[in-house]
Amino acid sequence: MADRKKFYTGISLLLFILFIYWADSSWDGYKLRIFNLCGIYIILALSLNLVNGFTGLFSLGTAGFMAVGAYTSALLTMSPQMKEMTFFLKPLIWPLNQIQIPFFPALIIAGILSGLVGFLIGFPVLRLRGDYLAIATLGFGEILRVIIINAQGLTNGALGLKGIPKYTTVWWSWGLALLTIFLMVNIVKSSYGRALKAIREDEIAAQAMGINLFYHKITAFTLSAFFAGIGGALLGNLITTVDPTMFVFQLTFQILLIVVLGGMGSITGSVIAAVVVTILMEALRAVESPMTIGSLYIPGIPGMRMVIFSVLLMVVILFYRQGFMGQREFAWEWFSRKGRRHEQSAGS
Amino acid sequence: MTFQLFLQHLVNGISLGSLYALIAIGYTMVYGILRLINFAHGDIIMLATYIVFFGILIFSLPWWLAFIISIILTTIIGVTVERAAYRPLRNAPRISILISAIGVSFLIENLSLVIFGGRAKSFYQPHIFTKIINFGGVSLMSLTFIIPVTAGILLYCLTYLVNHTKTGMAMRATARDFETARLMGIDINAIISLTFAIGSALAAVGGIMWGLRYPQIHPFIGIMPGLKCFIAAVVGGIGNIPGAMLGGFILGLGEIMLVALLPTLTGYRDAFAFILLIIILLVRPTGILGEKIAEKV
């Protein structure tokens, strides 16, 4: 059975890679951008789910970590000429104004730097619990944003960065998304992941069983920050501009929405919800732009998308707290069980 | 810095501090009873300003009547939010209620964006609040004095209610232990509704004063005061009413003094509250006046 499952996984992966290839060569820029965003949001949702869903620490700092990643990768990949043009109010500090490195190392550095920030923040913050942790991480996200606005020589302040090379392709975003899924599945299945779940279920009992709470919390938090940084970097190099207004709490809210919708503590749920929410967000743009149906003119309603999403979140949390998947995961048995049932009904 | 200038900053700081205190009380009362960060509190502040704005603009009410109607309507909204979004989750895990609160906050903000539009509007300032008063070389707007006086009166009434009336006793009992309070014959739901009503009314007063102080309103003005006042409540010791007042004053004075004494750090003004929060949480996780909470196994 195990071999057969691996075979199925391999085949579906191959089919998916073929699908990416087909999408990359035949879709237009707009569709590809949404496809890219799906991959990026998968990474971000998994990053948040590791801390919120699996470890049970309610963190709201994702937007801040994304900002660190996005700015790092942007500053490393922009050409010196472009930087000179962008930083016209105050020049960029040395040596950043001279360097330009390829995308892959820039991504890695972005992730590591973001992870480092997560580690440093985690030290004081992870001593807190529940709501205090939520508000403290939210606070750190805000502090990072205030620093970005004020550190003009490094981030160009409120003006943001423009002309970031568009390196993110579907291969990058989905490749890294698949890698993240693979890593997450392995983390969650390992004894380390089981320790995280134990902490989620009952911190004191977990401690009594000999689990080092602080070690597990801080590594989960750092890993989460690392992935958020990678996601932020991919996002920055996809839309080619970053500015402080991008990384407000609303961005964290969107990712939280994905995690809650998919089910806190389900990788499969996060992946499905990331794709569904990203596509919905684009599809619902129609509500916000003016429309003419025949002779009827409907003016656009700005803000309507977020209203719909907040209502969606409220409905899920009030009436269907588990989200799509609860804490369950995808398994090949789904099909075989269904298949068996089918056989039985056919036989009787 | 001259003494007069210092005095001016001091008065300003106290004024802002009492405004923060007024809003922080709402957080601290709700947290004391439900153990919930009411993220929608900041949006209640915003709604209060919009109700005044439309009351004066569309129904051309006199300003004081608009204020009163705003306070009443906001109170109803606050109680409704509790009934619709928090009560169904009374027995759910804490994270669910917190997410629900975040959801309500986003819903109110974006619904307001849809209904009121995103463009900032100017809040009507009655003349009596903008008169300049000269006070021994220090000239300040009358509002600067009206805010702490109003806040003082309201907070006195509230403290009296909580400490010396039967209702107040029921509130304290509910905050201490839900189940036991219920067994003692206290109507928990009524007490929680009352808590939200008082908190929202104070937020409405705070919001109106916020509008008078910073007379530009848009659907997102509630976010920053909302977060800062929550921080004020935590700094003072959440669940503790005198603590919320103290926290509000520390935050208000600190912010004004930071800008006054270190003008180069003006850009970091909004980060001040968060840095203060993190320092306090590290040194005294239960806040300045908070009691130590024993860990329940």
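Residues numbered from 1 in each chain as written. Chains lettered and ligands numbered in written order. Predicted model: local features only at pLDDT ≥ 70, side-chain atom pairs only at ≥ 80, totals over all residues. Heavy atoms only, no water.

Caption draft 1: Quick look at the overall build of chain B. When its secondary structure is counted, chain B shows 12 helices and four strands. For 297 residues, the compact-globule estimate of 2.2 N^0.38 gives 19 Å, and chain B sits close to it at 19 Å. Counting only C-alpha atoms and orienting by the principal axes, one finds that chain B spans roughly 60 × 50 × 35 Å. Expressed as a percentage of its 297 residues, the buried residues of chain B come to 53%. When contacts within chain B are restricted to residue pairs at least 6 apart in sequence, those whose partners lie at least 24 apart make up 76%. Counting only carbon and sulfur atoms, one obtains 69% of the accessible surface of chain B, whose full area is about 13,000 Å². (Helix = DSSP H or I, 4+ residues; strand = E, 2+ residues; numbered from the N terminus. Rg over C-alpha atoms; globule rule 2.2 N^0.38 Å. Buried < 20%, exposed > 50% of the residue type's maximum accessible area, 1.4 Å probe, protein only. Contact = heavy atoms within 4.5 Å. Areas by Shrake-Rupley, 256 points an atom, 1.4 Å probe, with all protein chains shown as cover.)

Caption draft 2: Quick look at the packing of aromatic side chains. Counted by the stated rule, this structure contains 31 aromatic pairs over all chains. Geometrically, the ring pair formed by A:Tyr71 and A:Phe247 is tilted, given 6.4 Å between the ring centres and 50 degrees between the ring planes. Separated by 176 residues along the polypeptide, A:Tyr71 in helix α3 (residues 62-77) and A:Phe247 in the loop between α11 (213-239) and α12 (249-262) bring together distant segments of the chain. Across the pair, exposure class does not vary: A:Tyr71 and A:Phe247 are buried alike. Aromatic side chains A:Phe249 and B:Phe106 sit 5.8 Å apart centroid to centroid with 50 degrees between the ring planes, which places their arrangement in the tilted category. (Phe/Tyr/Trp six-rings, centres within 6.5 Å; stacked < 30°, edge-to-face > 60°.)

Caption draft 3: Quick look at the interface of chain B and chain A. Every contact between the two is made by 45 residues of chain B and, on the other side, 41 residues of chain A. Carbon and sulfur atoms supply 80% of the area buried between chain B and chain A, which totals about 3,600 Å² over both sides. In this assembly, chain B and chain A are joined by one salt bridge. Put simply, chain B and chain A have four residue pairs in polar contact (both at pLDDT 80 or more) between them. A total of 15 residues in the side of chain B that touches chain A trace back to one element, the largest contributor, which is helix α4 (residues 94-116) of chain B. Residue composition of the side of chain B that touches chain A, by class: 35 nonpolar, five polar and five charged. (Buried area = accessible area lost by both parts, 1.4 Å probe. Salt bridge = Lys/Arg side-chain N within 4 Å of Asp/Glu carboxyl O. Polar contact = N/O pair within 3.5 Å; in protein donor to acceptor, adjacent residues only side chain to side chain. Nonpolar A, V, L, I, M, F, W, Y, C, P; charged D, E, K, R; others polar.)

Caption draft 4: Expanded view of the nonpolar core. Counting 192 residues, the largest nonpolar core has A:Leu60, A:Leu161, A:Phe247, B:Ile25, B:Phe39, B:Tyr86 and B:Ile102 as the members making the most contacts within it. The biggest single contributor to this core is helix α2 (residues 29-54) of chain A, with 15 residues. Among the nonpolar cores identified, the runner-up in size contains five residues, and A:Ala195, A:Ile199, A:Ile211 and A:Leu213 belong to it. (Core = buried A, V, L, I, M, F, W, Y, C linked by side-chain atoms within 4.5 Å.)

Caption draft 5: Structural detail: the state of the cysteines. Within the structure shown, the criterion is met by zero disulfides over all chains. Between B:Cys157, a cysteine without a disulfide, and B:Cys229, which holds the nearest cysteine sulfur, the sulfur-to-sulfur distance is 20 Å. (Disulfide = S-S within 2.5 Å.)

Caption draft 6: View of the pattern of salt bridges. In total, this model carries 11 salt bridges over all chains according to the counting rule given. Two residues, A:Glu201 and A:Arg200, come together in a salt bridge whose shortest N-O distance is 3.1 Å. Residue A:Glu201 is classed as exposed on the basis of its relative accessible area, which comes to 54%. Among the ionic pairs, B:Asp270 bridges to B:Lys228, the shortest N-O distance being 2.9 Å. One end of the pair, B:Asp270, is in helix α12 (residues 269-283); the other, B:Lys228, is in helix α10 (residues 223-236), and 42 residues separate them in sequence. A network of salt bridges, in which partner residues are shared, links B:Lys228, B:Glu255, B:Arg269 and B:Asp270.

Caption draft 7: A look at the pairing of strand β3 (residues 138-141) of chain B. All names here are of chain B. Going residue by residue along β3, you find Val 138 and Leu 140 tucked away on one face and Ser 139 and Met 141 left uncovered on the opposite face. In this structure, strand β2 (residues 132-135) lies alongside β3, joined through four bridges in antiparallel fashion. Within β3, the residue paired with Phe 135 across the bridge is Val 138. Linking β2 to β3, which pair antiparallel, is a turn of two residues; within it Gly 136 sits at a positive phi near 55 degrees. (Pairing = 2+ DSSP bridges.)

Caption draft 8: Spatial organisation of helix α8 (residues 170-189) of chain A. All names here are of chain A. The terminal C-alpha atoms of α8 lie 28 Å apart, and with 20 residues this matches the ideal 28 Å at 1.5 Å per residue to within 8%. Within α8, burial applies to Val 170, Ser 173, Trp 174, Leu 176, Ala 177, Thr 180, Ile 181, Met 184, Ile 187 and Val 188. Take α8 and look down its axis: the buried residues cluster within an arc of 160 degrees, on one side only. Exposed residues lying more than 90 degrees from the buried face of α8 are Phe 182 and Lys 189. The inward-facing, buried residues of α8 abut α1 (2-26), α2, α5 (103-125), α9 (191-201), α11 and α13 (267-283). (Expected span 1.5 Å × (residues − 1). Arc of directions from axis to C-beta.)

Caption draft 9: Layout of a nonpolar patch on the surface. Where nonpolar side chains cluster on the molecular surface, the patch consists of B:Trp64, B:Ile68, B:Ile69, B:Ile72, B:Leu73 and B:Ile76 and spans about 540 Å² of accessible area. Here B:Ile68 is to be found in helix α3 (residues 63-86). (Patch = residues over 30% accessible without salt bridge, like charges linked within 9 Å, V, L, I, M, F, W, Y side chains within 5 Å.)

Interpretation in functional terms is not warranted from these geometric data alone.
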